[in-house]
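Structural features, examined
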Amino acid sequence: REDAQPPERGAGDAAGDPEEWLDVLGNGLLKKKTLVAGQGVESRPQKGQDVTIRLKATLEDGTVVEEEPALTFTLGDCDVLQALDLCVQLLEMGETALIVSDAKYCYGAQGRSPDVPPDASLTLEVELLAARDAPDLELLSGKEKIQLANRKRERGNFFYQQADYVLAINSYDIALRIVGSSSKVDFSPDEEAELLDVKVKCLNNLAASQLKLDHFKAALKSCNLVLEHQPGNIKALFRKGKVLAQQGEYREAIPILKAALKLEPSNKTIHAELSKLVKKHADQRNVETEMYRKMLGNPSAASAPRKCKDKLPWSIPWKWLFGATAIALGGVALSVVIAARN
């Protein structure tokens, strides 16, 4: 079906013969149809390559919402709409194709203000213009590396705003890989500082995404990596406190949030979180106290303890007690005398 060449139709005709369409994912939500044949299957781009396409995107009513004569992105890195990332892999060099995509693989339930409504399907006309290997990270200048890492980070921010935290994590990971890659080029101190700033931002955003997915161990690791570079980073302290709180570690979380609040006393979010944790910690201690009381089998422990009595609980006359003591002492003395004679 991918090699079939249907009759050429107008770019706006998305209702041709169903046999001519390739159901890319098998769920009917993403379809591709060739309008102009390319140079053969062997000319298809590979993941990791930088590709350049011509793009025209329209709504179902024909309104053009995007038009790019030469859009370049890294294939497979989720730099663009998922519909493009998935379908461009199937294009041959020079091929022009029509792609009809559900909102799920475009701008989703949020849409894109102001021109793409929520849950809007898109029709994409795409022509593959070029494909080349991505640049060697080791040979990038400081400025180029910063720009590339920031581009991936901003894409992660886009996915985070779309509540697609898995793809956000993917983009932040790619940005961190770029920042952490070895280099054969010397960077200036300013470039080194800027790369560290990008790294810290990515790690903080990564922790936020991991926290959304309840990946507490990974989020804690990301926060700790930030704090290794910047011990006073408020975002990292706040998120570390939240991670520990989510795990029920209130005793460890409270001092961390107090440290964050000390750095930014006017932060209402930290204030609210800290107040909530203090209350939860107090409730937790009360529950633990009650549990221990029951385990010890002392249901009346909560009541006031009884005062000690002045008198001994046994009704033994004092003279008997002194007599018994004297007899005992006499026995000890006698034993010492006999031992000495022997």
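Residues numbered from 1 in each chain as written. Predicted model: local features only at pLDDT ≥ 70, side-chain atom pairs only at ≥ 80, totals over all residues. Heavy atoms only, no water.

The next point concerns the sheet that holds strand E6 (residues 122–133). Ordered in space as E1-E2-E5-E6-E3-E4, the six strands form an open sheet in which the pairing is antiparallel. Two strands lie at the open edges of the sheet, namely strand E1 (22–23) and strand E4 (64–74), each paired on one side alone. Direction of pairing for strand E3 (residues 49–58) relative to E4: antiparallel, over a ladder of eight bridges. When the bridges of E4 are listed, threonine 52 appears paired with threonine 72. (Pairing = 2+ DSSP bridges. Helix = DSSP H or I, 4+ residues; strand = E, 2+ residues; numbered from the N terminus.)

Another aspect to go through is helix H7 (residues 250–263). With 14 residues, H7 extends 20 Å from end C-alpha to end C-alpha; this agrees with the ideal 20 Å at 1.5 Å per step. Regarding H7, the residues found buried are Tyr250, Ala253, Ile254, Ile256, Leu257, Ala260 and Leu261. (Expected span 1.5 Å × (residues − 1). Buried < 20%, exposed > 50% of the residue type's maximum accessible area, 1.4 Å probe, protein only.)

On inspection of all chains with the given rule, the structure shows ten salt bridges. Aspartate 115 is the salt-bridge partner of arginine 112, the closest N and O atoms lying 2.7 Å from each other. (Salt bridge = Lys/Arg side-chain N within 4 Å of Asp/Glu carboxyl O.)

What follows is about the environment of threonine 72. As for its position among the elements, threonine 72 is in strand E4. Threonine 72 has contacts with Asp50, Val51, Thr52 and Arg132, leaving out every residue within four places of it along the chain. At a separation of 2.9 Å, a polar atom in the side chain of threonine 72 contacts the side chain of threonine 52. (Contact = heavy atoms within 4.5 Å. Polar contact = N/O pair within 3.5 Å; in protein donor to acceptor, adjacent residues only side chain to side chain.)

The geometry of helix H4 (residues 189–212) relative to helix H5 (residues 216–229) is characterised by a closest axis approach of 8 Å and an angle of 155 degrees between their N-to-C directions. With respect to H5, the element H4 is oriented roughly antiparallel. For the element pair H4 and H5, the recorded crossing hand is left-handed. For the pair formed by H4 and H5, the contact residues are Leu196, Lys199, Val200, Leu203, Asn204, Leu206, Ala207, Gln210 and Leu211 on the first element and Phe216, Ala218, Ala219, Ser222, Cys223, Leu225, Val226 and His229 on the second. (Axes fitted to C-alpha atoms, helices over the stretch in contact; angles between N-to-C directions. Parallel < 35°, antiparallel > 145°, perpendicular 65-115°, else oblique. Left-handed = near helix turned anticlockwise from the far one by under 90°.)

Turning to the layout of surface pockets, a few remarks are in order. Roughly 640 Å³ of internal volume is contained in the largest pocket. Looking at the largest pocket, it is lined by 29 residues, and the ones nearest its centre are Phe73, Thr74, Asp79, Arg151 and Lys152. Counting residues per element, the ones that place at least two in the lining of the largest pocket are E3, E4, helix H2 (142–161) and helix H3 (165–180). Per-element tally for the lining of the largest pocket: the top contributor is H2, with six residues. Class assignment of the residues belonging to the lining of the largest pocket gives a composition of 14 nonpolar, four polar and eleven charged. (1 Å grid on protein atoms, 1.4 Å probe; cavity = no way out; pocket = protein on both sides within 12 Å on 5 of 7 lines; lining within 4 Å. Points joined across faces, edges and corners; volume = space filled by probe spheres on them. Nonpolar A, V, L, I, M, F, W, Y, C, P; charged D, E, K, R; others polar.)

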